[in-house]
Amino acid sequence: MQQHPLIAVPNYINVEASGFGAGDINSELQSVVDSYSALKPTKLIAFAKDAAGGVFIKKRRQENLEDAFNGTEIFRVVDANCTQITDLCSGPNLGCNISSWKPVKSGAIFLRDVGGNEAPDLWEGMVDSQSVWTFHRLITNDNPKTKCSGICVSKNELMLVFTWNKRDCKCGDVYTWTRATPTASWKDTNPILAYQASGGMIHPFAFIENTRVLFGEAFSASRMDLHSCDVKEDGTIDFPIRTIEYPGTLYRKEVTFETLETSETDPDVIYIATNAYSDVFALAEVNIRTQNVRHITTPGNTHGASFPSPWDVEHIAMISDTMILFCLNEGGQSGSYLFDTSTWSILRQLDTPLGVISNIIVDKTANRVSYAINSPSHPSLLFNFDVLALESTPFPSALPTTCEGKSNSPSVSNDPELITYTSFDGTKISAYLHRPPNPPSKPTPVLLYIHGGPASQYRPYYLPGNHSLSMRYLTNEMGITCIAPNIRGSTGYGTAFMESDDRLKRQDALKDIEALVHWVCGQSDKYDGSRVGIMGRSYGGWAVLASMVFYPGLFRCGLATCGISNYLTFFENTGPWRAEHRRKEYGDERDPVEREFLEKISPMLHADKIVAPLYLAIGENDTRVPLGEAVQMAQVVREKGKTVWLLVGKKEGHVFEQKSVQDFHAVAQASFLKKFLMDANFNSNL
């Protein structure tokens, strides 16, 4: 059997490939693909709290835009000026990633991982009166199985709360860290182990005043408990920990919540999006002392909600003492509403373009809110909202909407159409359909895109699921019709739908994909049923591989990024903090019945059924879906004599961050599709 070792790809830093090389890449595609994929998102982080003010954002370093050593850094925007703050993810630090940036008066507290391993260290940034920053690690995780997470800072900025799985890699304990003054460094003192978790991962959410902390303890996608505890000045917790109940619920079930905000005027009041009272995440006001509940969006007539809605609430922002800005996930796109707690009524709906509000930040001192919209035509439409005037305006021009300084991304835009189709058991499945902009003269090839999660959702983003290849490129340039279904297990359609693929019901999700292909083939005047490809990442990558195993005659080719190939090796090698959480979703490999089922649905164990060409991509340091999942799949499929392209991103994790890896991933996928999907004469069964 011919071996296919991983070989470094010339001109692309930190990219290795096997089974294909430069000769398989269509060089003419590179510039066209770049014109779409070069448009990268700018992430709003938070308003600064130090004297220099402004807004912190996260985006790729700008100088020498073509330099592949440019990483994604933190910048400060003040008026029309944009200044780089960090230089911790570029040059020799390429592959590192900053997350959870929390501004304080002395600078910022944040996390930074190495090589995409999602096992971040805790860092501190100190800024002086001349706006000069210095950075240092507060905690270094030498063990790749340990990580810091969940940063929360008290209102007086004297106490830091975070989680760390140093004691037991399978769960995160709560640590507190105090400092003498708001301008002192936390490195002058030491953290305290304040609470040992019994299981699950802890997520600190908010301080109430300076002495009480709210934190969630996640056990699965269906259950996250909300706890409250009082913290003493020395950082120790005043036991017992109190679990917050949801008063007035009519039955017991596993309950979780999406997000929460604390009241500006009453320390006992929180506003929370929870599924405790309905099948969806509904917004309610809960008094955690009196146990009184007032409902805002809970559907139905039972709870007397002010604005009942069948959709999930996904963002809550307290933008003044009496005003809440919240977002509804309305079939995948965002609807944004202002709610007045003093009159207990909706003030107005914000007029926003098609897309998804990805972040909301608030500056109460200036009565200002900023938010970002990820749309099908642009990944970062940024706006300011004046709380007093109730008006939105575009963000300052310091942030270009061009392709990282290049010309604008091609302007041909065709917003996706929201459709539904019927699956094998009568269940209605929602999907976004992206058509070529001009009516084709003959039936088009079709590419299905399966999102990750599975407790997630395909939404009308610019680049779906951090994929490097834009839907607009596929439709505009290649003439492919792209369909992205939200198969059972997706969020956005209620808890029952989200749980309808759990454990032994996993194959029902694959049957949703099969039903979509039959829907496509039933419209032969529009779509070429002989040329259907399937693409996905993470859980969607597994769905690609499994679909090619269970329905080999339906697909011309498949592209799987970071996909599970064998559930048994996945549980052996995934991050220890994830394994138990994933067992609640996928099944428990320690149980004989569920182990047998997991073997049945593990694509690598049935690779002989795959007949179509396969594209695989994965990060070298992926802790969620480890590198071996793709490598072993490639080896087994090649042993069967089938075509496999394998890409490995060096110093990358579950999400590709480096420009060179993203660029090559995009053009390699485009070349793969051009060769194996677009060629009407290619026969995958040969």
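Our subject is the structure listed above.
Residues numbered from 1 in each chain as written. Predicted model: local features only at pLDDT ≥ 70, side-chain atom pairs only at ≥ 80, totals over all residues. Heavy atoms only, no water.

(A) Expanded view of the overall build of the protein. The secondary structure content of the protein amounts to 10 helices and 38 strands. Taken over C-alpha atoms, the radius of gyration comes to 25 Å for the protein, in line with the 26 Å a tight globule of 686 residues would show. With the C-alpha coordinates of the protein rotated into their principal frame, the extents come out at 70 × 55 × 50 Å. For the protein, the residues scored as buried account for 60% of the 686 residues in total. Sequence separation of at least 24 residues holds for 56% of the intrachain contacts in the protein that already meet a minimum separation of 6. Accessible surface, the protein: about 26200 Å² in total, of which carbon and sulfur atoms supply 49%. Separation between the mean location of the 63 positive side-chain charges and that of the 77 negative ones in the protein comes to 3 Å. (Helix = DSSP H or I, 4+ residues; strand = E, 2+ residues; numbered from the N terminus. Rg over C-alpha atoms; globule rule 2.2 N^0.38 Å. Buried < 20%, exposed > 50% of the residue type's maximum accessible area, 1.4 Å probe, protein only. Contact = heavy atoms within 4.5 Å. Areas by Shrake-Rupley, 256 points an atom, 1.4 Å probe, with all protein chains shown as cover. Lys, Arg positive; Asp, Glu negative; His and termini not counted. Charge placed at Lys NZ, Arg CZ, Asp CG, Glu CD.)

(B) Seen up close, the sheet that holds strand 33 (residues 444–450). The strand order across the open sheet formed by 10 strands is 1-2-38-37-36-35-33-34-32-31, and the pairing between neighbours is mixed. Two strands close off the open sheet at either side, each with one partner strand: strand 1 (7–8) and strand 31 (417–422). Here helix 5 (residues 539–550) sits on the sheet in contact with strand 33, strand 35 (527–537), strand 36 (557–561) and strand 37 (614–619), set at roughly 140 degrees to strand 35. Its contacts with the sheet put helix 9 (residues 628–639) on strand 2 (15–18), strand 37 and strand 38 (644–649), and the angle it makes with strand 38 is roughly 160 degrees. (Pairing = 2+ DSSP bridges. Axes fitted to C-alpha atoms, helices over the stretch in contact; angles between N-to-C directions.)

(C) A look at the environment of valine 132. With respect to the helices, strands and loops of the structure, valine 132 is situated in the loop between strand 9 (121–127) and strand 10 (133–139). Taking the C-alpha atoms as reference, valine 132 lies 8.7 Å from isoleucine 85; in sequence the two are 47 residues apart. Setting aside residues up to four positions removed in sequence, valine 132 forms contacts with Met126 and Val127.

(D) Molecular detail of the nonpolar core. In this structure, Leu448, Ile513, Trp542, Phe555, Tyr567, Leu616 and Met633 are the most contacted members of the largest nonpolar core, which totals 59 residues. The residues contacting isoleucine 513, other than those within four sequence positions of it, are Tyr421, Leu448, Ile450, Ile487, Ile534, Ala543, Ser547 and Phe555. Ranked by size, the runner-up nonpolar core spans 42 residues in total, among them Val15, Tyr458, Met478 and Ala484. (Core = buried A, V, L, I, M, F, W, Y, C linked by side-chain atoms within 4.5 Å.)

(E) The arrangement of the packing of aromatic side chains in detail. Tallied over the entire structure, the rule returns 37 aromatic pairs. Grouping aromatic residues by their ring pairs yields a cluster made of Tyr12, Phe20, Tyr615, Trp645, Phe664, Phe672 and Phe676. The ring of tryptophan 344 has arginine 294 sitting right over it, with the charged end atom 3.7 Å from the ring centre. (Phe/Tyr/Trp six-rings, centres within 6.5 Å; stacked < 30°, edge-to-face > 60°. Lys NZ or Arg CZ within 6 Å of the ring centre and 35° of its normal.)

(F) The pattern of salt bridges, seen in detail. With the rule as written, the count across this model stands at 33 salt bridges. Here arginine 223 makes a salt bridge to aspartate 225, at a shortest N to O gap of 2.8 Å. Among the ionic pairs, glutamate 580 bridges to arginine 583, the shortest N-O distance being 3.0 Å. Of the two residues, glutamate 580 and arginine 583 both sit in helix 7 (residues 576–586), 3 residues apart, roughly one turn of that helix. Because the salt bridges share partners, they merge into one network encompassing Arg212, Asp230, Arg242, Asp268 and Arg289. (Salt bridge = Lys/Arg side-chain N within 4 Å of Asp/Glu carboxyl O.)

(G) Broad picture of the packing of helix 4 (residues 506–521) against helix 5. Running from N to C, helix 4 and helix 5 point in directions that differ by 75 degrees, and their axes come no closer than 10 Å. On the basis of the axis angle, helix 4 is roughly perpendicular to helix 5. Note on element contacts: helix 5 touches helix 4 through Tyr539, Trp542, Ala543, Ala546, Ser547 and Phe550, opposite Arg506, Gln507, Ala509, Leu510 and Ile513. Class assignment for the residues of the contact of helix 4 with helix 5 results in 8 nonpolar, 2 polar and 1 charged. (Parallel < 35°, antiparallel > 145°, perpendicular 65-115°, else oblique. Nonpolar A, V, L, I, M, F, W, Y, C, P; charged D, E, K, R; others polar.)

(H) Region of the structure containing the sheet that holds strand 21 (residues 282–287). As summarised here, the arrangement of the 4 strands in space is 19-20-21-22, forming an open sheet in which the pairing is antiparallel. Taken across any chain shown, the strands that pair with only one partner, and hence form the sheet edges, are strand 19 (257–262) and strand 22 (293–295). Going across the sheet, the axis of each strand differs from the next one's by a mean of 25 degrees, ignoring polarity. Relative to strand 20 (residues 269–274), strand 19 runs antiparallel, the two being bridged by 5 bridges. Looking at strand 20, one finds that threonine 262 is bridged to isoleucine 270.

(I) Layout of the environment of glycine 304. Relative to the helices and strands, glycine 304 resides in the loop between strand 22 and strand 23 (312–318). Counting along the chain gives 162 residues from glycine 304 to aspartate 142, while the straight-line C-alpha distance between them is 53 Å.

(J) Representation of helix 7 in the model. Looking only at helix 7, the buried set comprises Trp577, Arg578, Ala579, Arg582, Arg583, Glu585 and Tyr586. Turning to helix 7, the residues buried within the fold contact strand 15 (201–208), helix 4, helix 5, helix 6 (567–573) and helix 8 (592–600). Positioned one or two residues after helix 7, glycine 587 has a phi angle of 120 degrees, which is positive.

(K) Highlighting the state of the cysteines. Evaluated as defined, the whole model comprises 0 disulfides. Cysteine cysteine 96 remains unbridged, with the sulfur of cysteine 89 as its closest cysteine sulfur at 5.7 Å. With no disulfide of its own, cysteine 482 lies 12 Å from the sulfur of cysteine 557, the closest cysteine sulfur. (Disulfide = S-S within 2.5 Å.)

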